Amino acid sequence: MRIAVTGSTGLIGSALVRSLLADGHEVVRLVRHRSRTGPRPDGSTAIGWNPLLGEVDRDGLAGVGAVVHLAGAGVGDRRWTNSYKREIRESRVYGTETLAVALAAMKEPPRVLLSASAVGWYGQTGDRVIDEDSPAGDDFLAEVCLEWEAAARPAERAGIRVVHPRTGMVLSAAGGAGGRLFPLFKLGLGGRLGDGRQYWSYISLADEVAALRFLLDREDLSGAFNLTAPEPATNAELTAALGRALRRPTPFPVPEAVLKAVLKAVLGELAVEVVGSHRVVPRRLLDAGFRFAHPDVDSAVRAAL
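Since we're looking at a predicted model, the values are computed, not measured. (Residues numbered from 1 in each chain as written. Predicted model: local features only at pLDDT ≥ 70, side-chain atom pairs only at ≥ 80, totals over all residues. Heavy atoms only, no water.)

Draft legend 1. Looking closely at the nonpolar core. Residues Leu114, Leu215, Leu227 and Leu285 are the most contacted members of the largest nonpolar core, which totals 29 residues. Taken together, the elements giving at least two residues each to this core come down to β1 (2-6), α1 (11-22), β6 (66-69), β7 (112-115), α7 (205-217) and β13 (223-227). In terms of residue count, the dominant contributor to this core is α7 (seven residues). Among residues more than four places away in sequence, those in contact with Leu114 are Val67, Val68, His69, Val163, Pro165, Leu212, Leu215 and Leu216. Counting 20 residues, the second largest nonpolar core, distinct from the first, contains Leu61, Leu99, Met106 and Leu113. (Core = buried A, V, L, I, M, F, W, Y, C linked by side-chain atoms within 4.5 Å. Buried < 20%, exposed > 50% of the residue type's maximum accessible area, 1.4 Å probe, protein only. Helix = DSSP H or I, 4+ residues; strand = E, 2+ residues; numbered from the N terminus. Contact = heavy atoms within 4.5 Å.)

Draft legend 2. Quick look at the pairing of β1. For β1, the buried fraction is high: five of the five residues fall into the buried class. Bridge count for β1 against strand β2 (residues 26-31) is five bridges, and the pairing is parallel. Bridging from a neighbouring strand, Thr6 pairs with Leu30 of β2. Viewed along the sheet, the connection from β1 through α1 into β2 turns out right-handed. Sheet analysis places β1 next to β6, joined by four bridges and oriented parallel. Paired with Ile3 across the two strands is Ala66, which belongs to β6. (Pairing = 2+ DSSP bridges. Right-handed = clockwise from strand over helix to strand, strands pointing away.)

Pasting the structure below:
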């Protein structure tokens, strides 16, 4: 199949493109810098787009059977100032709308659009078990996710099968929010945050890619799917698993009062997400028959290394 991918240089996008190319698929990368368009050494091809200006190389999308849309400003990359919050929202909403409108206008549109979302859709949920039938939250990330998913409606109205993978924290030493934990633990500086009872919904990078491939192939599946391991872990459980895998002690918990003060100063409103709790499970993915290679925190941590 000829498959277009946005966000192809990110942690998930890079792994997905490698997987698709290894299986003989033709990959078209959407890139914002025209100087980077054209054939790539790995066998993929890059075409241009400008999501904020609503521009896409539609000729370059000809013959594409599927699109995976992963692009967007990194939620954990910078402190949440008002300007960066605006960038997070606009990069997702405008980018998705630009792509969905372009695909809907094609004479022969792709059969499926996987348009990324996140477990932030549910807001802070404490220790309640959350699946795809749970309501949306009301904080900043939840509002962004609501608009993000809604922006794909032009593609859906054009008859394209639209899937929203709501991804949790991807565990990989290669990068991403989860990857920032590994250097600390290797130095013996890891420890639970506060009381450690907040839930973190994670997924291994291998399972993330496998789930995306599964959703691409299953023509009977559409709508929202939680991409998280079936056994969410508390911060304390994840801390212990990292300590075991790296053979490093984790004896020093960060007091909650100190943690919140420091995080608020460094991260701004993003601090709420770091100390918050999401206990999200992938009910629809499991019901559809997907099987996780790393369903528990110990196996996911080992895979990340």
